[in-house]
Amino acid sequence: MEKYIHRCIDSILEQAFSDFELLLINDGSIDKSGGICDNYAEKDKRIKVIHTNNGGVSKARNEGIKLAQGDYLMFCDSDDYVEKYWCSQLYEAIINQAGNVLPVSGIRFLYYIRNQNKEIIKVFPKKESFHKGKYFETYKKGLSGSLCCKIYDRKIVVENSIYLDESVNRAEDLLFNLAYMSHMDSFITIPNITYNYVHSNENSLINLYRKDLFDVTAMVYYAWREYIEHHTLGKEQIKEFSSYYYLNFINIFKNTFDERNKDHLIKKLMYNNKILNSIEFIECLKMADTSKEDGRYIKLLNSKNYYLVWFAEKFVILTNYLVFKKIGKFASSKLKN
């Protein structure tokens, strides 16, 4: 991260809110990142650098939680950077709200991969307080998982042993948030962008093809379902949740055919057939709102036979191709005439 660490640290040191300690966890880096962090610590007494053997992002964050001395916790990844009011807006939101509350601000997602140069803004339109039973609203906005657009009460985290699961390397932040939200009364939305999430590393976990994507999705599915069943305000939320996760499982079918998956066709079909017959997918399909889906497609999914689903999809693609080819020939003929 030596290419990005200066930008990250500088953006934190330039905060309008200055009463903080900055813990830099050097997770066994093999470039110049550790030395850069040490140089910053020599110039600013608020900075403490911890050098550890490489153990992954969850272990590094847990190390930071255990060493932190402040009343509140905030997280930032080394290749990202924050806005000037990142600390102050989240801090003011948590201390000015009655009860246990989790503030959630907006994120700017910046994509600089494979010649991409675009940004996507994810933010709530206005400041509003929600009962914790409606936390799924943050998922719909794409803000439920990130630790970096939120602020946490350290006392609640430590007293309830809420740490990141070091045995998983995907969705560990969402699992942390769901565990933390169980101890909250509500969450409050901040209609401002405070954090810049940069996608520039081709080898980042988020950009890699995952052979275990179904296992990860199933794990998160159960975590969400348990949270919603304990804190939901009505059956409509369960139906909405199932509808979203039904689409997630459908996307896994497509992920199986990613060009980076080198398995032969039969193995891919068998894998998707296993997903189609999984308890998780069957539950979602049963509870989801599929009224806007093609009824024939839903019947195929309910057949629990992915081979039929795949053949049907290929037939539709072939039919469309032949139709467009025929139309193209007809148009060409008209032009000649």
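See the structure printed just above.
Description of the structure in this document. As the structure is a prediction and not an experimental result, all values here were calculated from the model.

1. A few points about the overall build of the chain
Then step 1. When you go through the chain residue by residue, the secondary structure sums to 13 helices and nine strands.
Then step 2. The principal-axis extent of the C-alpha atoms belonging to the chain is close to 80 × 50 × 40 Å.
Then step 3. Relative to its full complement of 337 residues, the chain shows a buried share of 42%.
Then step 4. Considering only contacts in the chain between residues 6 or more positions apart, those separated by 24 or more positions represent 77%.
Then step 5. Accessible area of the chain: about 18900 Å², with a carbon and sulfur share of 52%.
Then step 6. Across the chain, 47 positive and 43 negative side-chain charges occur, with their mean positions spaced 10 Å apart.

2. What about the pattern of salt bridges?
Then step 1. One pass over the structure, following the stated rule, counts twelve salt bridges.
Then step 2. One salt bridge connects E83 with R108, and the closest N-O pair in it is separated by 3.3 Å. Residue E83 is found in the loop between β4 (81-82) and α4 (86-95), and its partner R108 is found in strand β5 (residues 101-111); the two are separated by 25 residues along the sequence.
Then step 3. According to the relative accessible area criterion, E83 is partly exposed, its value standing at 28%.

3. What to know about helix α8 (residues 213-231)
Then step 1. In a regular helix each residue adds 1.5 Å, so 19 residues correspond to 27 Å; α8 covers 27 Å between its end C-alpha atoms and thus fits that length.
Then step 2. Those residues of α8 that sit buried are L213, F214, V216, T217, A218, V220, Y221, A223, W224, Y227, I228 and H231.
Then step 3. Each element contacted by the buried residues of α8 is listed here: β7 (128-131), α5 (136-140), α7 (172-181), α9 (235-256), α10 (265-276) and α11 (279-287).

4. Here we look at the side chain of E280
Then step 1. Of note, E280 is situated in helix α11.
Then step 2. One buried charged residue, E280, remains without a salt bridge, the closest side chain of opposite sign being R225 at 7.9 Å.
Then step 3. Excluding residues within four positions of it along the chain, E280 makes contact with F214, A218, Y221, Y222 and F249.

5. Side note on the environment of E166
Then step 1. Looking at the element boundaries, E166 is found in the loop between α6 (154-159) and α7.
Then step 2. Sequence separation between E166 and M287 is 121 residues; the distance between their C-alpha atoms is 32 Å.
Then step 3. Engagement of the side chain of E166 in a polar contact is seen with the side chain of N62, the distance being 2.9 Å.

6. As for the packing of α8 against α9
Then step 1. Contact geometry of α8 with α9 gives a least axis separation of 11 Å together with a crossing angle of 175°. In this view, α8 runs roughly antiparallel relative to α9, as classed from their interaxial angle. Of α9, the residues touching α8 (which contributes L213, F214, T217, V220, Y221, W224, R225 and I228) are I238, F241, Y245, N248, F249, I252 and N255.
Then step 2. Residue composition of the contact of α8 with α9, by class: eleven nonpolar, three polar and one charged.

7. Remarks on the pairing of β5
Then step 1. Most of β5 is tucked away: ten of the eleven residues are buried.
Then step 2. Where β5 lies against strand β9 (residues 186-199), ten bridges are found, and the strand directions are parallel. By the bridge assignment for β9, R108 is matched with N196.
Then step 3. For β5 and strand β6 (residues 118-122), the ladder comprises five bridges, and the chain directions are antiparallel. Across the sheet, the residue bridging to Y111 is K118, located in β6.

8. What about the packing of aromatic side chains?
The geometry of an aromatic ring pair is captured by two quantities: the separation of the ring centres and the angle between the planes.
Then step 1. The final tally for this structure, using the stated rule, is 32 aromatic pairs.
Then step 2. Pairing Y152 with Y180 gives two aromatic rings, centres 5.0 Å apart and planes at 80°, and the pair type is edge-to-face. Here Y152 is found in strand β8 (residues 152-153), whereas its partner Y180 is found in helix α7, with 28 residues between them in sequence.
Then step 3. Judged by relative accessible area, which is 0%, Y152 ranks as buried.
Then step 4. The ring of F109 has K122 sitting right over it, with the charged end atom 4.9 Å from the ring centre.
Then step 5. Over the ring of F124 we find K141, and its NZ or CZ is 5.9 Å from the ring centre.

9. Description of helix α2 (residues 33-43)
Then step 1. Of all the residues in α2, the buried ones are S33, G34, I36, C37 and Y40. With its buried residues spanning 160° around the axis, α2 presents them on a single face. Away from its buried face, by an angle of more than 90 degrees, α2 presents the exposed residues E42 and K43.
Then step 2. Looking at the buried residues of α2, the elements they touch are α1 (5-13), β1 (22-27) and β2 (47-52).

10. Let's talk about the environment of H6
Then step 1. Within the secondary structure, H6 sits in helix α1.
Then step 2. For the pair H6 and I238, spaced 232 residues apart in sequence, the C-alpha separation works out to 44 Å.

The rules behind the values
- Just so you know, the residues in each chain are numbered from 1, in the order the chain's sequence is written.
- The predicted origin of the model limits local features to residues at a pLDDT of at least 70 and limits the giving and counting of side-chain atom pairs to 80 or more, whereas totals for whole chains, interfaces and linings rest on all residues.
- For the side-chain quantities, the full set of heavy atoms in the structure was used; hydrogens and water were omitted.
- Per the convention used, a helix needs a DSSP run of H or I reaching at least four residues, while a strand needs a run of E reaching at least two, with both numbered from the N terminus.
- When a residue's accessible area, from a 1.4 Å probe over protein chains only, is under 20% of the maximum for its type it is buried; when over 50% it is exposed; and in between it is partly exposed.
- Contacts between residues were defined by any pair of non-hydrogen atoms, one from each residue, lying within 4.5 Å.
- Surface accessibility follows the Shrake-Rupley procedure with a 1.4 Å probe radius. Residue values consider only the protein chains on display as shielding.
- Working convention for charge: Lys and Arg count positive, Asp and Glu count negative, and His plus the chain ends are omitted.
- Note that the charge is assigned to NZ on lysines, CZ on arginines, CG on aspartates and CD on glutamates.
- Any Lys or Arg side-chain nitrogen located within 4 Å of an Asp or Glu carboxyl oxygen qualifies as a salt bridge.
- Each residue after the first adds 1.5 Å to the expected span of a helix.
- For the purposes of these results, a polar contact is taken to be a pair of N or O atoms within 3.5 Å, where, inside protein, one atom must be able to donate a hydrogen and its partner to accept one; residues adjacent in sequence count only when each atom of the pair is a side-chain atom.
- To obtain an axis, a line is fitted to C-alpha atoms, over the contacting stretch when the element is a helix, and the angle between two such axes runs from 0 to 180 degrees between their N-to-C directions.
- Roughly parallel means an angle under 35 degrees; roughly antiparallel means over 145; roughly perpendicular covers 65 to 115; every other angle is labelled oblique.
- Basically, the charged four are Asp, Glu, Lys and Arg, the nonpolar ten are Ala, Val, Leu, Ile, Met, Phe, Trp, Tyr, Cys and Pro, and anything else, Gly included, counts as polar.
- Pairing between strands requires that DSSP locate at least two bridges from one strand to the other.
- Pairing of aromatic side chains requires ring centres within 6.5 Å, counting the rings of Phe and Tyr and the six-membered ring of Trp. Pairs whose planes differ by under 30 degrees are stacked, by over 60 edge-to-face, and all others tilted.
- By definition, being over a ring means that NZ of Lys or CZ of Arg is both within 6 Å of the ring centre and within 35 degrees of the ring normal.
- Throughout, the arc means that of the directions going from the helix axis to the C-beta atoms.

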